[in-house]
Amino acid sequence: MHQRRSYGRILLVSVLVGYLEVALAVVALLLYTRTQPVSRIPFDWGALAAALFPFGTLVGVIAFLLSLLFVLPTVLLAGLLARRVGGREWWWVPPVMAALPALPLAVWAGENAPRAGDVLTFWAGAAASLSLGALIARSRRSALFRRVAVGGVAVVAGTGLLGALGFATGLLPSYRPPAIGPQTMTGTWVDHRGGKLVFTSDGRVTASDIGEHEPFDHPSGPSHQCTGSGTWSYEPGRDVWTQKVRVEIAGCSWPAPWSVGGTGRKPWIQQTVGDPASGKVYELRKATGGS
């Protein structure tokens, strides 16, 4: 059963599709982070819950404006072109949607001179996302809002469930830090400011301006900096998560041995800064060519 097309319903369904697209993108992003080194940083669910309302409000406002400026005109123009030129109405939706934002995007690009590849990627993504909203919202099927809501929630929830099952069964590669060993440690490791630790194969280590953090420091601003010479040792631990690098330098102190992160190609060692639940870490990355 079909019902008469309503501009208000087009806007309402388009905004709903926008919400669902953002929700699906967030779920996909969360699943992706499980495959990256940052996924082991504790997640602040309280902060996420506190941000949901303002974030949801912002998404709603943006979705409404995009629907009003692009989706509704696209549906109307596609219908007009189908009647005047011929063809099915939905055929006209993607080309019309691709054309509408092209002019303002070209004006913006002319004033800001971004990279052409970035502009084209943004334009293609925006056109595809808004075209989907227009194609769905143009339908005259009855109970369209409810159908889209139920189907969209099922897709978002199903994606999250399949991702979780994939990680649980090992079908998706969850992140694991690299097993480095003493040979990998030999060489120069640097922080974001240029401080460095130089490890030698005979168990000696030299520090130059390496940060020592107080409990409430930010990783980018250590309270003290360590310079001196001492010894180091690698502890393999029970598995890759518990391997440690112990550094002993007179006059320098860290609250715990250095833990291991990064990837096999780009490993790093790190110290937790402040509350472990904050996810703040101070990193030293192996210098390119260091061995």
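What you see is a predicted model, and the numbers here were worked out from it, not measured in a lab. Within every chain, residues take consecutive numbers counted from 1 along the sequence as written. Thresholds applied to this predicted model are a pLDDT of at least 70 for local features of residues and 80 or more for the giving and counting of side-chain atom pairs; totals over whole chains, interfaces and linings are not thresholded and use all residues. Side-chain metrics rest on all non-hydrogen atoms present in the structure, leaving aside hydrogens and water.

Concerning the overall build of the chain
Item 1. Looking only at helices and strands, the chain has seven helices and eight strands in total.
Item 2. Here the chain holds 291 residues, and 35% of them are scored as buried.
Item 3. Whether two residues touch is decided by their heavy atoms; if any such pair falls within 4.5 Å, the residues are in contact. Contacts in the chain between residues far apart in sequence, at least 24 positions, make up 58% of those at least 6 positions apart. Note on conventions: DSSP H or I runs of at least 4 residues are helices, E runs of at least 2 residues are strands, and numbering of each starts at the N terminus. Only protein chains enter the area calculation, which uses a 1.4 Å probe; residues under 20% of their type maximum are buried, those over 50% are exposed, and those in between are partly exposed.

Comments concerning the state of the cysteines
Item 1. Any pair of cysteine sulfurs within 2.5 Å is marked as a disulfide. Using the criterion set out here, one finds one disulfide in the structure.
Item 2. Covalently, Cys-226 is tied to Cys-252 through a disulfide, its sulfur atoms 1.9 Å apart. Residues Cys-226 and Cys-252 share a disulfide whose torsion about the S-S bond is about 85°; that sign makes it right-handed. Residue Cys-226 is located in strand β4 (residues 224–235), and its partner Cys-252 is located in the loop between β5 (244–249) and β6 (258–262); the two are separated by 26 residues in the primary sequence.
Item 3. Relative accessible area serves as the criterion here: at 14%, Cys-252 is assigned to the buried category.

Comments concerning helix α1 (residues 7–33)
Item 1. Under the 1.5 Å per step criterion, the end-to-end length of α1 is 39 Å for 27 residues, consistent within 8% with the ideal 39 Å.
Item 2. Within the sequence span of α1, burial applies to Arg-9, Ile-10, Leu-11, Val-13, Ser-14, Val-15, Leu-16, Val-17, Gly-18, Leu-20, Val-27 and Leu-31. Multiplying 1.5 Å by the helix residue count minus one yields the expected span of that helix.

Examining the packing of α1 against helix α5 (residues 116–137)
Item 1. Between α1 and α5, whose axes approach to 9 Å, the crossing angle comes to 135°. For the element pair α1 / α5, the angle class is oblique. Considering the relative orientation of α1 and α5, their crossing is right-handed. Every residue of α5 that contacts α1 at Ile-10, Val-13, Ser-14, Val-17 and Glu-21 is listed here: Ser-129, Leu-132, Gly-133, Ile-136 and Ala-137.
Item 2. Lys, Arg, Asp and Glu make up the charged group, whereas Ala, Val, Leu, Ile, Met, Phe, Trp, Tyr, Cys and Pro make up the nonpolar group; the residues left over, Gly among them, are polar. Taken together, the residues of the contact of α1 with α5 break down into six nonpolar, three polar and one charged. Lines fitted to the C-alpha atoms define the axes, with helices restricted to the stretch that makes contact. Angles between their N-to-C directions range from 0 to 180 degrees. What sets the label is the angle itself: under 35 degrees gives roughly parallel, over 145 gives roughly antiparallel, 65 to 115 gives roughly perpendicular, and the rest give oblique. Left-handed is the label given to a crossing in which the near helix is rotated counterclockwise from the far helix by less than a right angle, and right-handed is the label when the rotation is clockwise.

Concerning the side chain of Glu-89
Item 1. Within the element layout of this structure, Glu-89 appears in helix α3 (residues 89–99).
Item 2. When its relative accessible area of 15% is taken as the criterion, Glu-89 is described as buried.
Item 3. Polar contact is defined as a pair of N or O atoms within 3.5 Å, subject to the rule that within protein one atom must be able to donate a hydrogen and the other to accept it, and that residues adjacent in sequence are counted only when both atoms are side-chain atoms. Only 2.8 Å separates the side chain of Glu-89 from the side chain of Arg-138, close enough to count as a polar contact.
Item 4. Among all residues touching Glu-89, those that are not within four sequence positions of it are Arg-5, Ala-78, Gly-79, Ala-82 and Arg-138.

What to know about the sheet that holds strand β7 (residues 267–272)
Item 1. With antiparallel pairing, eight strands are arranged side by side around a closed barrel as β1-β2-β3-β4-β5-β6-β7-β8. Pairs of neighbouring strands in the sheet enclose a mean axial angle of 35°, with direction left out of account.
Item 2. For strand β2 (residues 196–199) and strand β3 (residues 204–212), the ladder comprises four bridges, and the chain directions are antiparallel. Residue pairing in the sheet places Lys-196 in a bridge with Ser-208 of β3. DSSP calls a pair of strands paired once it identifies at least 2 bridges connecting them.

Quick notes on the packing of α3 against α5
A packed helix pair is summarised by two numbers, namely the angle formed by the two axes and the spacing between the axes.
Item 1. As a packed pair, α3 and α5 sit with axes 9 Å apart at the nearest point and diverge in direction by 145°. Considering only the axes of α3 and α5, their crossing is right-handed. On the side of α3, the interface is formed by Trp-90, Val-93, Pro-94, Met-97 and Ala-98, while α5 contributes Trp-123, Ala-127, Leu-130, Ser-131, Ala-134 and Leu-135.
Item 2. Of the residues belonging to the contact of α3 with α5, the class tally is ten nonpolar, one polar and no charged.

Quick look at the side chain of Ser-14
Item 1. Among the structural elements, Ser-14 can be located in helix α1.
Item 2. Here Ser-14 falls in the buried class, since its relative accessible area comes to 6%.
Item 3. The contact partners of Ser-14, leaving out residues within four places of it in the chain, are Ser-67, Val-71 and Ala-137.

Digging into the pairing of β3
Item 1. Adjacent in sequence and paired antiparallel, β2 and β3 are bridged by four residues, among which Gly-203 carries a positive phi angle near 90°.
Item 2. Looking at chain direction, β3 and β4 are connected through seven bridges and run antiparallel. The residue of β4 that forms the bridge with Gly-211 is Gln-225.

Some words on a nonpolar patch on the surface
Item 1. Side chains of Val-61, Phe-64, Leu-65, Leu-68 and Leu-69 sit close together on the surface and give an oily, nonpolar patch of about 440 Å² of accessible area.
Item 2. Among the secondary structure elements, Val-61 is positioned in helix α2 (residues 45–84).
Item 3. By relative accessible area, Val-61 is classed as partly exposed at 44%. The patches described consist of residues with a relative accessible area above 30% and no salt bridge, like charges being joined within 9 Å and nonpolar side chains (Val, Leu, Ile, Met, Phe, Trp, Tyr) within 5 Å. Method for areas: the Shrake-Rupley scheme with a 1.4 Å probe, in which residue coverage is limited to the protein chains shown. The working definition used for a salt bridge is a side-chain nitrogen of Lys or Arg within 4 Å of a carboxyl oxygen of Asp or Glu.

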